[in-house]
Amino acid sequence: MCRRLKCCKKNTRTVAFSLAEVLITLGIIGVVAAITLPIIVGKIQKKVYINQLKVGYSILNSGFKQMMFEDSAFEWSDTALYSAIESNGGNLTVKNAEEAAKNIIEKYFKNIEFVDYEHLFEGSSCSILVKTGAYAYGLKDQKTCYGSSNGSQYSFPNGMIMNISLYAPCTSSSKTDEQIRAAGGKMYKDCGNITLDINGKKKPNTYGRDVFKFEITEKGIIIPRYGIDQFIYAGTFNRNTIKNTNMSNCSIQSTGLQCAARIIDWLGYEILTIRFNN
């Protein structure tokens, strides 16, 4: 009986992974993670930049629309801001014009902080200037500075930095209003430009990533630099040419100055195909 019971017992054995198998599995997971994580992080960062650009673009347009509305102005030249600049030298590189404009601009962009022109540009090196938002590195090599020291600087409560250059009178196109209108454009005069650093002093401080450029039309409309409207204003009416130009000029091989136009005009806010390599 005892023998039979002994024979009837099941032969059980514990199954487990060896140390070598565990180490190989962890190694494979590590390799896959090393490949995929930068891609995932890059996509998340692109989304963050695009959302910040949407917010900044909306803030700029809203401020100028409110200004035009409250001044009952049909054109930029009808605004109190225009008059203040015109009567104090014609552009914001003149100290008196900057001071006069400051009091008006602060009405339409609430809680912004003005940065004195002389204080802003007391530094000269690129490493200093890019931290102020006035300049930014180029997308191609991320070492060369691009931008303009002409204008006034403001910091927004959300951390964005705006460098704004306005001038009076506005510059006119060589094309007539009728020609521009027929081509579908909405920029008849160029009245200034804005450089917007959507995350302020934070890196990478690079055009096409976190820094974008815009133009201001005589109607107080903010448009992306080198976009459809500016090309039409300049006399380039072939939309395929404009599109291809912006495609090539917002790439890792370019300065990145045209990236606002590429995102807003052509690909929409949700698609940004420039590279975010470090």
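Residues numbered from 1 in each chain as written. Predicted model: local features only at pLDDT ≥ 70, side-chain atom pairs only at ≥ 80, totals over all residues. Heavy atoms only, no water.

Caption draft 1: Broad picture of the sheet that holds strand β5 (residues 161-172). Taken together, the six strands give an open sheet; going across it, the order is β1-β4-β5-β6-β7-β8, and neighbouring strands pair in antiparallel fashion. Either end of the sheet is taken by a strand with one partner, and the two such strands are β1 (113-115) and β8 (222-224). Ignoring which end each strand starts from, the neighbouring axes of this sheet average 30 degrees apart. When strand β4 (residues 152-155) meets β5, the two strands line up antiparallel, connected through four bridges. By the bridge assignment, glutamine 153 is partnered in β5 with asparagine 163. (Pairing = 2+ DSSP bridges. Helix = DSSP H or I, 4+ residues; strand = E, 2+ residues; numbered from the N terminus. Axes fitted to C-alpha atoms, helices over the stretch in contact; angles between N-to-C directions.)

Caption draft 2: Summary view of unusual backbone geometry. With omega at 10 degrees, the peptide bond leading from alanine 168 into proline 169 counts as cis. The topology assignment puts proline 169 in strand β5. Each neighbour pair has its own omega, and for lysine 203 with proline 204 the value is 15 degrees, a cis peptide bond. Structurally, proline 204 can be placed in the loop between β6 (189-197) and β7 (211-217). Even without glycine at this site, serine 72 takes up a positive phi of about 50 degrees. Mapped onto the elements, serine 72 comes out in the loop between α2 (19-70) and α3 (80-86). Positive phi, normally seen in glycine, also occurs at asparagine 111, with a value near 60 degrees. Assignment of secondary structure puts asparagine 111 in the loop between α4 (95-108) and β1.

Caption draft 3: Region of the structure containing the pairing of β5. Here β4 folds back onto β5, and the loop between the two strands holds five residues, one of which, glycine 159, carries a positive phi near 100 degrees. Looking at chain direction, β5 and β6 are connected through eight bridges and run antiparallel. Within β6, the position partnered with isoleucine 161 by the bridge is aspartate 197.

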